[in-house]
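So you can see what is in the structure, the chains are spelled out below.
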Amino acid sequence: MSNSSHASRWRGRRAGLLALAATIGMVLTACSGGGPAPSDSGGEVGEPQRGGEITVLLDAGYSGGWATGLDPATSNGTGANLPQNAAIFGGLFTLEADDDGSNARIEPNQAESYEWQDDGLKLVVTLREGIEFSDGTPFNAEAVLWNWIRELSSGSTGAPVLDLNTSLEPPELSQEFMDSLWAALPADVDRDAVMGRLGAIRVVDDLTIEMNFNSVNGAFVNGLPTANLNLIASPTAYAELGADQFKVTPIGAGPFVVELNRQSERLELVRNENYFKDGLPYLDALNFQSVAGDQVMYQTLLSGQGDVVEGLSAVTLINEARNNPQVEVHLGAPTSPYVVQLNTRKEPFDDIRARQAIYHATDFAAIQEGLFGGEGDLSQSFTASGGLFYTPEIEGYPEYDLDKAKALVEELGGLEVELGTTDIVTARSVTTALQTQWEKAGIDVTIDSKPLGDVITKFTSGDWESMLQTAGAWDPAAGIGVQVRFGSTSPFSGTPLPEGATSTADAIAKGLRSPLDELLVQAVATVDEAERKAAYTEVAEVIAKEAYGPFGVAFSPAQVVRKGVHGPGLTTPIPALAVNTGVLYDRVWVEQ
């Protein structure tokens, strides 16, 4: 029962790249077709059943690696390790969607509600009453404060950059709390910075905590599911276990507790009998197995040694899986299209005519048809149909026009280009197609495919010309969002430096911003979604006008499951938060 029989349309799969483990994790993927639908396996899905266990196979190069451990304050894999984190910690908030993947929205989970006050400068979060960590200690506002201060002060790349109002005087806190907090922070922590954060983040009462900002951050809550601030651990357990053991066997209030953890190899979890949702989780046990690459993951699934592959990326394997009656393929709602980033800070793309030539020589519609059977989302901006503020067509976008491309190349006296990408099968296929198209316009193209780590190094060195990546996230400001790709001070951007800046560091030190930076700031400086959408439309128009990078086909994560496994994010689509979908493991169940 392949989901293809019920496919409404194909979507695709991740492809591009990126990284930075926590917020930035890594990247790419690519994909295929099928079509999401609630139970696109074709059969009737019955009522969830309690019991059983499953093993989830994760790519060792991404979500299957947790070398820095699972303590949210010190892990650098928060964004990549969404599966493990969702199972152990649950989360204050989750990204939910209707069964068809539409109407995606952030919903309170361990939190009961949130409210913006003081014109968007104060966020007040109310927790659900009666939640306990799996060690039986209370999940309250003081525990959240302890976690948030640690998570912002311990150097994890999973911590968001926040403009907190640290000028507020810290309230008086108990000596017991302060002793516990200092003992859990790095020995060399900046204590003044910590005290400033304790002024900005305050416990209101046992179930209420507030966070005070200097400026409005309309994307903050939407970005929480990929940040470590969403993951709340037991302070008592940390004190009892110590730092080294806690990152191996952390204690949270999620649906499962750790029974065995072999770092970046295998994680075995069992049901949290203290879980706050009646009747959940459905599974008795949940295992995560790290596996080297798509081919091995798929073969491991077929051999019966696994039940789920999260994020299969190879197009050929996905298509093979769709035709295999042993398994089902479910594609999420796409959020992130491919983009060819152009580095304006060096030749040849410091000349807008060269950038325009690339736009006019690029025919992503043909690539969509040729490589992906005509299915998937085409986008002229940084989100796809599963993301917020999706605008498929942008005014002034330089569209495919081979004659214009040829004329520009002739005017330039020729154009030689190095096109980089991550060394992934689908990404290589797309770069090869682009090479063929661009050469028709007279552009000489050299492809440079590298492992993700080398791509990151090349980005940060600034020594690159063009890069095929993915851009976007469910919220354009979260995860691998538009700021990462096009903000002038991002290490992964090739847009012009602000006027007066000699380098990225210089721009940051002087507080300089480019006109595009100003628009990006405006896009999060409000909690009004209509205002945010208007701002992002303007951002997309500037990117098109300045020809900073043509956008292409959007992909979505592909989940491959054996028959009888069901759950949100696996067999019903949820938009990808950044690279991968956030599976809601407390509601995953298996037919007995």
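For clarity, every value in this text was computed on a predicted model and none was experimentally measured.

What counts and what doesn't
- Residues numbered from 1 in each chain as written.
- Predicted model: local features only at pLDDT ≥ 70, side-chain atom pairs only at ≥ 80, totals over all residues.
- Heavy atoms only, no water.
- Helix = DSSP H or I, 4+ residues; strand = E, 2+ residues; numbered from the N terminus.
- Rg over C-alpha atoms; globule rule 2.2 N^0.38 Å.
- Contact = heavy atoms within 4.5 Å.
- Areas by Shrake-Rupley, 256 points an atom, 1.4 Å probe, with all protein chains shown as cover.
- Lys, Arg positive; Asp, Glu negative; His and termini not counted.
- Charge placed at Lys NZ, Arg CZ, Asp CG, Glu CD.
- 1 Å grid on protein atoms, 1.4 Å probe; cavity = no way out; pocket = protein on both sides within 12 Å on 5 of 7 lines; lining within 4 Å.
- Points joined across faces, edges and corners; volume = space filled by probe spheres on them.
- Nonpolar A, V, L, I, M, F, W, Y, C, P; charged D, E, K, R; others polar.
- Phe/Tyr/Trp six-rings, centres within 6.5 Å; stacked < 30°, edge-to-face > 60°.
- Buried < 20%, exposed > 50% of the residue type's maximum accessible area, 1.4 Å probe, protein only.
- Pairing = 2+ DSSP bridges.
- Axes fitted to C-alpha atoms, helices over the stretch in contact; angles between N-to-C directions.
- Core = buried A, V, L, I, M, F, W, Y, C linked by side-chain atoms within 4.5 Å.
- Patch = residues over 30% accessible without salt bridge, like charges linked within 9 Å, V, L, I, M, F, W, Y side chains within 5 Å.
- Salt bridge = Lys/Arg side-chain N within 4 Å of Asp/Glu carboxyl O.
- Arc of directions from axis to C-beta.

**With respect to the overall build of the chain**
Of regular secondary structure, the chain possesses 18 helices and 21 strands. A compact globule built from 592 residues would reach a C-alpha radius of gyration of about 25 Å, and the chain, at 23 Å, matches this within 12%. If one aligns the C-alpha atoms of the chain with their principal axes, the spans along those axes are about 70 × 60 × 40 Å. Taking contacts inside the chain between residues at least 6 apart in sequence as the whole, the part at least 24 apart equals 72%. For the chain, the computed accessible surface area is about 21400 Å², with 46% contributed by carbon and sulfur atoms. Within the chain, one finds 37 positive and 80 negative side-chain charges whose respective centroids are separated by 4 Å.

**Focus: the layout of surface pockets**
Empty space within the largest pocket amounts to approximately 1600 Å³. Looking at the largest pocket, it is lined by 46 residues, and the ones nearest its centre are Pro160, Val161, Leu162, Ala477 and Gln483. Listed by contribution, the elements that provide at least two residues to the lining of the largest pocket are helix 4 (191-200), helix 5 (220-223), helix 15 (482-486), helix 16 (504-510) and helix 17 (515-524). Here the lining of the largest pocket takes four residues from helix 17, the largest share from any one element.

**Describing the environment of Pro138**
Within the element layout of this structure, Pro138 appears in the loop between strand 5 (122-127) and helix 2 (141-153). Each C-alpha atom, one on Pro138 and one on Asp206, is 9.9 Å from the other, the two residues being 68 residues apart in sequence. With residues near it in sequence (within four places) discarded, Pro138 still touches Ile131, Phe133 and Ala143.

**Let's talk about empty space enclosed by the protein**
By the definition in use, this model includes five cavities of 30 Å³ or more. Here the largest cavity is characterised by a volume of approximately 230 Å³. Looking at the largest cavity, it is lined by 21 residues, and the ones nearest its centre are Ala86, Gly90, Thr94, Val583 and Leu584. Listing elements by their share of the lining of the largest cavity, those giving two or more residues are helix 1 (82-89) and strand 2 (93-96). Residue composition of the lining of the largest cavity, grouped by class: twelve nonpolar, six polar and three charged.

**Overview of the packing of aromatic side chains**
Two aromatic rings are characterised by how far apart their centres lie and by the angle between their planes. In total, this model carries 14 aromatic pairs according to the counting rule given. Taken together, a centroid distance of 5.1 Å and an interplanar angle of 50 degrees make the contact between Phe133 and Phe139 tilted. When sorted by exposure, Phe133 lands in the same class as Phe139, which is buried. Seen in terms of ring centroids, Phe288 and Tyr585 are 5.5 Å apart; in terms of plane orientation they differ by 90 degrees. Their pairing is edge-to-face. Highlighted residues: Phe288 in strand 10 (residues 285-291) and Tyr585 in the loop between strand 20 (565-566) and strand 21 (589-590), separated in sequence by 297 residues. Here Phe288 and Tyr585 have matching classes, each one buried.

**A few points about the sheet that holds strand 16 (residues 443-450)**
Ordered in space as 14-18-13-17-15-16, the six strands form an open sheet in which the pairing is mixed. If you trace the sheet from one side to the other, it starts and ends with strand 14 (377-378) and strand 16, each paired once. Note: strand 13 (residues 336-342) against strand 17 (residues 466-470), five bridges, orientation antiparallel. Within strand 17, the position partnered with Tyr338 by the bridge is Thr470. In the packing of helix 11 (residues 364-372) onto the sheet, the strands contacted are strand 13, strand 14 and strand 18 (551-555), and the crossing angle to strand 18 comes to about 35 degrees.

**Here's the deal with the nonpolar core**
Counting 103 residues, the largest nonpolar core has Trp148, Ile201, Leu286 and Ile543 as its most contacted members. Per element, the largest residue contribution to this core is eight residues, and it comes from helix 2. Discounting residues that sit within four places of it in the chain, Ile201 has contacts with Leu145, Trp148, Ile149, Leu152, Leu164, Ile209, Glu210 and Met211.

**Digging into a negative patch on the surface**
The grouping of Glu112, Glu129, Glu142, Glu176, Asp179, Asp205 and Asp206 at the surface amounts to a negative patch. Residue placement: Asp179 occurs in helix 3 (residues 175-184). Since its relative accessible area comes to 43%, Asp179 is described here as partly exposed.

**Examining unusual backbone geometry**
The omega torsion of the bond from Leu280 to Pro281 falls at 0 degrees, within 30 degrees of zero and hence cis. Topologically, Pro281 is positioned in the loop between strand 9 (266-271) and strand 10. Across the junction of Glu347 and Pro348, the peptide omega takes the value 0 degrees, indicating a cis bond. By secondary structure assignment, the location of Pro348 is in the loop between strand 13 and helix 10 (352-361). With a phi close to 55 degrees, Asp119 is a non-glycine residue in the positive phi region. Mapped onto the elements of the fold, Asp119 is located in the loop between strand 4 (111-117) and strand 5.

**Here we look at helix 9 (residues 315-322)**
Among all positions of helix 9, only Val315, Leu317, Ile318, Ala321 and Arg322 are buried. Angularly, the buried residues of helix 9 cover 165 degrees about the axis, an arc narrow enough to put them on a single face.

**As for the pattern of salt bridges**
All chains considered together, the criterion is met by 22 salt bridges. Across the salt bridge formed by Lys346 and Asp463, the nearest N and O atoms sit 2.9 Å from each other. One end of the pair, Lys346, is in the loop between strand 13 and helix 10; the other, Asp463, is in the loop between helix 14 (452-461) and strand 17, and 117 residues separate them in sequence. When its relative accessible area of 47% is taken as the criterion, Asp463 is described as partly exposed. Among the ionic pairs, Lys450 bridges to Asp448, the shortest N-O distance being 3.6 Å. Judged by its relative accessible area of 24%, Lys450 is partly exposed. When its relative accessible area of 16% is taken as the criterion, Asp448 is described as buried. A single salt-bridge network, built from bridges that share partners, covers Glu96, Lys277, Asp586 and Arg587.

**Brief notes about the sheet that holds strand 10**
Within a beta sheet, neighbouring strands are joined by backbone hydrogen bonds and run either parallel or antiparallel to one another. Across the sheet, which stays open at both edges, the seven strands sit in the order 8-9-10-1-11-19-12 with mixed pairing between neighbours. This sheet does not close on itself; its edge strands, each paired only once, are strand 8 (256-262) and strand 12 (327-331). For this sheet, the mean inter-axis angle between neighbouring strands, taken without regard to orientation, is 20 degrees. Bridge count for strand 9 against strand 10 is five bridges, and the pairing is antiparallel. Bridging from a neighbouring strand, Leu269 pairs with Leu286 of strand 10.

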